[in-house]
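Descriptive analysis of the structure
Chain residues, written in single-letter form:
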Amino acid sequence: GRDAIRGEGNEKLPAHHLPHLKNLWQGGRDAIRGMMRNQAMAAVRSRMLAKLASRSAAPKRTYIRPAYELAKRIMPKISPTEEAALNSGTICFDRDLFSGDPTTKSLLSRYTAELSGEEQSFIDNEVEVLCEMLDSHQIDEDQNLPPAVWKFIREKKFMGLVIPKAYGGLGFSGHGHAKIVQKIAGRNGAAAVSVMVPNSLGPGELLYHHGTPEQKDHYLPRLAHGIDIPCFGLTGAASGSDAASMRDEGVVCMQDGVLGMRVNFSKRYITLAPVATCVGLAFRLRDPEKLLTAGKEGITVALLPTEANQFAPNGLPGFKTGPRHNPLGAAFMNGTVVGNDVFIPMACVIGGEKQTGFGWKMLMECLGEGRGISLPAGGVAQAKMALLGVGGYARVRKQFKVPIASMEGVQEKLANIGTLTYQVVAMTDLFGAILADKEKPPVVSAIMKLLCTEKGRTCVNEAMDVAGGAGISKGPANFLASAYTAVPIAITVEGANALTRSMMIYGQGLTRSHPHLLKLVQAIQHGDDMPTFNHELTNIIKHAFTNLGRSVTRGISVQIQPKGNDVAAYYEANLSRLSANFAFCADVGLTMGGGIKTAEFISGRYADILSNLYMGYACLWFYERNKHVKGLDKVLDAAMADVCKNTQEAFFGLFANFPIPLMGPVMRVCTFPRGREYHNTTDKLRRQVSNLVTTPTEVRALLTEGCFVSKDPQDRINQIVRAMPLACQADEYLAACRKEKRQPTDAEQAVINQAEELRELIIQVDVFDTLAGKNHRGEDMKATWSVEPFQGSKEQAAH
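Throughout what follows, the structure given in this document is the object of discussion. (Residues numbered from 1 in each chain as written. Predicted model: local features only at pLDDT ≥ 70, side-chain atom pairs only at ≥ 80, totals over all residues. Heavy atoms only, no water.)

1. Some points on the pattern of salt bridges
Pairs can form between side chains of opposite charge once their charged atoms are near each other. Under the definition given, this model contains 32 salt bridges. Linking K711 and E128 is a salt bridge whose minimum nitrogen-to-oxygen distance equals 3.4 Å. Within this pair, whereas K711 is found in the loop between α28 (698–703) and α29 (716–740), its partner E128 is found in helix α7 (residues 117–133), the two being separated by 583 residues in sequence. The exposure class assigned to K711 is exposed, which follows from its relative accessible area of 62%. In this structure, K179 and D429 form a salt bridge, with 3.0 Å as the shortest nitrogen-oxygen distance. Residue K179 is found in helix α10 (residues 174–187), and its partner D429 is found in helix α16 (residues 408–436); the two are separated by 250 residues along the sequence. Taken together, the shared-partner salt bridges connect D101, R550 and R554 into one network. (Salt bridge = Lys/Arg side-chain N within 4 Å of Asp/Glu carboxyl O. Helix = DSSP H or I, 4+ residues; strand = E, 2+ residues; numbered from the N terminus. Buried < 20%, exposed > 50% of the residue type's maximum accessible area, 1.4 Å probe, protein only.)

Written out as structure tokens, the structure is:
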């Protein structure tokens, strides 16, 4: 065809065919060239894809590589004990706080706290009877609960509140447990401790979740019915807050053909130990002869019976509970657990041999929840009883012819009690709702323990200032003394508050609750995992800039947000701003790397911010559920002003002391460009709150709900509760008579007389002929020496 077109070759084509053949040849040529180009491009693409594939198969090396190498150097390795803590429990609202975008609306939609019918019935009946049996003064004198009280507690299943019904327990919720302990603690601390320990610190929870079927079937019914009294031995002389450093040690061995452990241990501060019949024991296990066929070396938890049973047929020679400690004169049982060369059969390990070495993880999972229930319930009880008792006493007690509740110096104390009581009641109700949602949040539990016990302490101290001499004179009429002397106990146990604040809350919360940090740390821990590191570092950077933007925009918006009549909306906007500030500053704090773990001043300030934010949202959540209560907006205003002020001060402490140069000022400019913006509660608001908690108002009824009031007319709280409304009514009548210049009517005079009669009873304090059985006017107090009369007075007078 080519030759024909060119006019070459032997045969000549007709001239009229030439244009057609030329077109055909050109088309074929173009088609062939196109195919060649496509093939070349395909080959190029194949080579490029192969190259990309080879690059993706190798570790990525991007511009973030230097950051990765830096992170590897500054990030500390997570120890096995830290990893167990990080993996225990659940994350709930604390994740929202670290995200920088929490809302009260989300809390209301997720969490609600209601007592079941059975729980309310138990509180109204069994708990009421128990409280009536308790005489705090006599219990302190005897340093023990009466035998009838012990019997009632055990028979009525107070020690089995949370044990499931299938095993004979009551199967109550964490919220129900807290309300029960609150009511008992308001009457007597020793009884409350005797109830709370088996339900939160005893081995029952560990048995239910980790025990063998045989262990559950044997122990849980006995614990539920009070046949066995439990305690848990964790703290030793060398391991207090640092419980994982325990030096109590066991070695796996064989004895008479039985696999077990030979253990030496010495535990102290163990509540209920002097009367316990089964002891949960934590110790460090070694297996030098490799006798274990399951489980591993490490912290192990065993359940030791004080008498021989199916798990320890020969008993446990060398094992002893007691003697007692004396915790500031508080009457609850507390003592030692010791063991010298004790052979413990492997059947005593909770969960059996396969659970050896997993004790720390078990403890973190099961005991963290109790930290947020029992001791906080005691703090709430102290606050409520301070408000109920001293709030009423201040209205009844008069000086300078007026109730001391009308004196501004006293009103300042009373307003503080009312504000703090609102805060702890809100926090405990929200925490109960979180538990009801099947959450077990260790970070929030630590916040609860810290804030509720500290605020309970403040309420008791303020109440003592108001009560004056009536507060320091011990006796049956004094409803404050036992709580006052026992306050340091709650501050100290289950993780001392100083270390809970400076190490636990933020140290665990940052790694656990931050939306991206844990994955980034794990990418470093797991080796050269650059893709995950790059992804999570990018997320953290985005997270920081997102919350920087929120901080700026919300900081501007709150300047134009009027408080007006909607106090809740005003503080919602300010909490939203502060939450974004916190999330941004938390991301900036990551520049410290592992140094944040040992920088306890800094970690403590971060913990203060996080704790106050949780408390603030709890206050808003509680208000939305109870805003029908008249006057509650005033208490909310005072509570939230306190939250915002304290949060702000923690921020400024952080800015002033952040160890990396310039980062503190950068955080301050980005979050508080106008400087300090939150201030203390006004005097006017303090006066309003004080009046709300010292008169018969809906607010006072709400904040003292669940408090026990004895039916005994000689009981001091009973007298105050009866006298307070009468005193208010009598003062109104007297004021009206003065204004109208008239005498009281017969009905008015009857009320005035009743009020005065109760007032006279209430202002009396206890007196004793002797104390500690000793006569203070004995012969040893008579002077056996003499002195000559002084003669100088007459001489001076004569002169």
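2. Points about the packing of helix α23 (residues 567–589) against helix α25 (residues 632–657)
Taken N-terminus to C-terminus, the directions of α23 and α25 make an angle of 20°; their axes are 11 Å apart at the nearest point. Considered as vectors, α23 and α25 are oriented roughly parallel to each other. At the point where α23 passes α25, the crossing takes the left-handed sense. Judged by residue contacts, V567, A568, Y571, N574, L575, L578, N581, F582 and C585 of α23 engage D633, L636, D637, M640, A641, V643, C644, T647, F651, L654 and F655 from α25. Taken together, the residues of the contact of α23 with α25 sort by class into 15 nonpolar, three polar and two charged. (Axes fitted to C-alpha atoms, helices over the stretch in contact; angles between N-to-C directions. Parallel < 35°, antiparallel > 145°, perpendicular 65-115°, else oblique. Left-handed = near helix turned anticlockwise from the far one by under 90°. Contact = heavy atoms within 4.5 Å. Nonpolar A, V, L, I, M, F, W, Y, C, P; charged D, E, K, R; others polar.)

3. Quick look at empty space enclosed by the protein
According to the stated counting rule, one finds three cavities of 30 Å³ or more in the structure shown. Counted as a void, the largest cavity has a volume near 110 Å³. In this structure, the largest cavity is lined by 15 residues; those nearest its centre are A470, A477, N478, F479 and R716. Listing elements by their share of the lining of the largest cavity, those giving two or more residues are α18 (469–472) and α29. (1 Å grid on protein atoms, 1.4 Å probe; cavity = no way out; pocket = protein on both sides within 12 Å on 5 of 7 lines; lining within 4 Å. Points joined across faces, edges and corners; volume = space filled by probe spheres on them.)

4. Section: α7
For α7, which comprises 17 residues, the first-to-last C-alpha distance of 24 Å matches the rise-based estimate of 24 Å (1.5 Å per residue) to within 8%. Along α7, the residues classified as buried are E119, F122, I123, V127, E128, L130 and C131. On its buried side, α7 packs onto α9 (147–155) and α10. (Expected span 1.5 Å × (residues − 1).)

5. Focus: the environment of T419
Its place among the elements puts T419 in helix α16. A relative accessible area of 7% means that T419 is categorised as buried. Taking the C-alpha atoms as reference, T419 lies 6.3 Å from A638; in sequence the two are 219 residues apart. Engagement of the side chain of T419 in a polar contact is seen with the backbone oxygen of A415, the distance being 2.8 Å. (Polar contact = N/O pair within 3.5 Å; in protein donor to acceptor, adjacent residues only side chain to side chain.)

6. Digging into α9
Among the residues of α9, V149, W150, F152 and I153 are the ones counted as buried. Across the axial projection of α9, the buried residues extend over an arc of 165°, all falling on one side. Across from the buried face of α9, at angles greater than 90 degrees, the exposed residues are P147 and E155. Against the buried residues of α9 lie α7 and α11 (189–200). Phi turns positive one or two residues past the end of α9, at K157, with a value near 65°. (Arc of directions from axis to C-beta.)

7. Let's talk about the nonpolar core
Membership of the largest hydrophobic core comes to 128 residues, with the highest contact counts inside it found for Y422, Y606 and Y614. Discounting residues that sit within four places of it in the chain, Y614 has contacts with F93, L97, M427, L430, F431, I434, V444, I447 and M448. Counting residues in each nonpolar core, the second largest holds 85 residues, with V149, F152, L281 and M346 among its members. (Core = buried A, V, L, I, M, F, W, Y, C linked by side-chain atoms within 4.5 Å.)

8. Quick look at the packing of aromatic side chains
Per the stated rule, a full pass over the model turns up 18 aromatic pairs. Judged by centre distance (5.5 Å) and plane angle (75°), the rings of F122 and F172 are edge-to-face. You can see F122 sitting in helix α7 and its partner F172 sitting in the loop between α9 and α10, a full 50 residues away along the chain. For the pair Y570 and Y571, a centre-to-centre distance of 4.9 Å together with 80° between the ring planes defines the contact as edge-to-face. There is no split in this pair, since Y570 and Y571 are both buried. (Phe/Tyr/Trp six-rings, centres within 6.5 Å; stacked < 30°, edge-to-face > 60°.)

Any functional reading would require information beyond the geometric quantities listed.
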